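Given next are the chains, with one letter for each unit.
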Amino acid sequence: DAGVIQSPRHEVTEMGQEVTLRCKPISGHDYLFWYRQTMMRGLELLIYFNNNVPIDDSGMPEDRFSAKMPNASFSTLKIQPSEPRDSAVYFCASTLAGEQFFGPGTRLTVL
Amino acid sequence: DQQVKQNSPSLSVQEGRISILNCDYTNSMFDYFLWYKKYPAEGPTFLISISSIKDKNEDGRFTVFLNKSAKHLSLHIVPSQPGDSAVYFCAADYSGNTPLVFGKGTRLSVIA
């Protein structure tokens, strides 16, 4: 298995633009997590899904953030409109139980 | 309120010596603890875990110790190697399949 796949690996955009981050979890995993990593806050959980259903989105910072999981093999995290303070590395992770497997992350820079 | 705390943001250790990374938690419901290692430009990767029914788990050069009464765990790396230089995250879980709660990480530098 290729592991968790994220795209793009790097994204540079201007304030106000829409940004979409993509994730393909490991086949067979029924949990998917979106995290954001910053120097100040470390790894923050934004939202997680179980069997494609959002379970807890309390970590989503604002209404500008939304996430979907239309099927078991694909999820998106969208920021609209983006702001400079959204600049961070965004990780997707998946699991069947216990240990989570992380993707390589998307480094987002909002100018 | 942080439920998992790694109070040392960084640590430097000489090659060949022991590295000790510490982690404290506040939620007594946590029953499973994990350590992740993260290199630059990569996602965190699982390193070692321990269940709350144990107080020690060893895997090669890596040993995790759990002190439930103190709500404290530590990761020992011995001997430390330059390739161990990375950010180490402590994480905790309870009741299985709930999101892991991560600490902010400790950056370990192993100096040759």
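Refer to the structure above for everything that follows.
Residues numbered from 1 in each chain as written. Chains lettered and ligands numbered in written order. Predicted model: local features only at pLDDT ≥ 70, side-chain atom pairs only at ≥ 80, totals over all residues. Heavy atoms only, no water.

A. Representation of the nonpolar core within the structure. In this structure, Phe 33, Trp 35, Leu 73, Leu 75 and Tyr 88 of chain B are the most contacted members of the largest nonpolar core, which totals 23 residues. Mapped by element, the contributors of at least two residues to this core are strand E3 (19-25), strand E4 (32-38), strand E5 (45-51), strand E7 (62-67), strand E8 (72-77), strand E9 (86-93) and strand E11 (106-111) of chain B. Considering every element that reaches this core, the biggest residue donor is E9 of chain B, with 4 residues. Aside from chain neighbours lying at most four places away, what touches Tyr 88 of chain B is Gln 6, Leu 21, Trp 35, Tyr 36, Lys 37, Leu 47, Leu 75, Ile 77, Gly 105, Thr 106 and Leu 108 of chain B. Membership of the second largest hydrophobic core comes to 21 residues, among which are Cys 23, Phe 65, Ala 67 and Ile 79 of chain A. (Core = buried A, V, L, I, M, F, W, Y, C linked by side-chain atoms within 4.5 Å. Buried < 20%, exposed > 50% of the residue type's maximum accessible area, 1.4 Å probe, protein only. Helix = DSSP H or I, 4+ residues; strand = E, 2+ residues; numbered from the N terminus. Contact = heavy atoms within 4.5 Å.)

B. Molecular detail of the side chain of Thr 20 of chain A. By the element assignment, Thr 20 of chain A lies in strand E3 (residues 19-24). Apart from residues lying up to four places away in sequence, Thr 20 of chain A is in contact with Pro 8, Thr 76, Leu 77 and Lys 78 of chain A.

C. Examining the layout of surface pockets more closely. Considered as a void within the structure, the largest pocket measures approximately 600 Å³ in volume. What lines the largest pocket is a set of 26 residues, among which Gln 37, Thr 38 and Met 39 of chain A together with Val 87 and Arg 107 of chain B lie closest to the centre. The set of elements that each furnish at least two residues to the lining of the largest pocket consists of strand E4 (31-38) and strand E9 (88-95) of chain A together with E9 of chain B. Broken down by element, the residue count for the lining of the largest pocket peaks at 3 residues, all from E9 of chain A. In terms of residue class, the lining of the largest pocket is built from 11 nonpolar, 9 polar and 6 charged. In this structure, the second largest pocket encloses a volume near 470 Å³. If you go around the second largest pocket, you meet 20 residues; those closest to its centre are Leu 43, Glu 44 and Leu 45 of chain A together with Val 101 and Phe 102 of chain B. For the lining of the second largest pocket, the secondary structure elements donating two or more residues are strand E5 (42-50) of chain A together with strand E10 (101-102) of chain B. Ranked by residues supplied to the lining of the second largest pocket, first place goes to E5 of chain A with 6 residues. (1 Å grid on protein atoms, 1.4 Å probe; cavity = no way out; pocket = protein on both sides within 12 Å on 5 of 7 lines; lining within 4 Å. Points joined across faces, edges and corners; volume = space filled by probe spheres on them. Nonpolar A, V, L, I, M, F, W, Y, C, P; charged D, E, K, R; others polar.)

D. The environment of Ile 55 of chain A, seen in detail. All names here are of chain A. Considering the arrangement of structural elements, one finds Ile 55 in strand E6 (residues 53-56). For the pair formed by Ile 55 and Tyr 31, sequence separation is 24 residues and the distance between their alpha carbons is 9.7 Å. Setting aside anything within four residues of it in sequence, one finds Ile 55 in contact with Tyr 48, Phe 49 and Asn 50.

E. Molecular detail of the sheet that holds strand E1 (residues 4-5) of chain B. Residue and element names in this part refer to chain B. Strand order in the open sheet formed by 5 strands is E1-E3-E8-E7-E6, and the pairing between neighbours is antiparallel. Whereas interior strands pair on both sides, the edge strands pair on one side only; in this sheet they are E1 and strand E6 (56-59). As paired strands, E3 and E8 are joined by 6 bridges and run antiparallel to one another. Among the inter-strand pairings, Asn 22 is bridged to a residue of E8, identified as Ser 74. (Pairing = 2+ DSSP bridges.)

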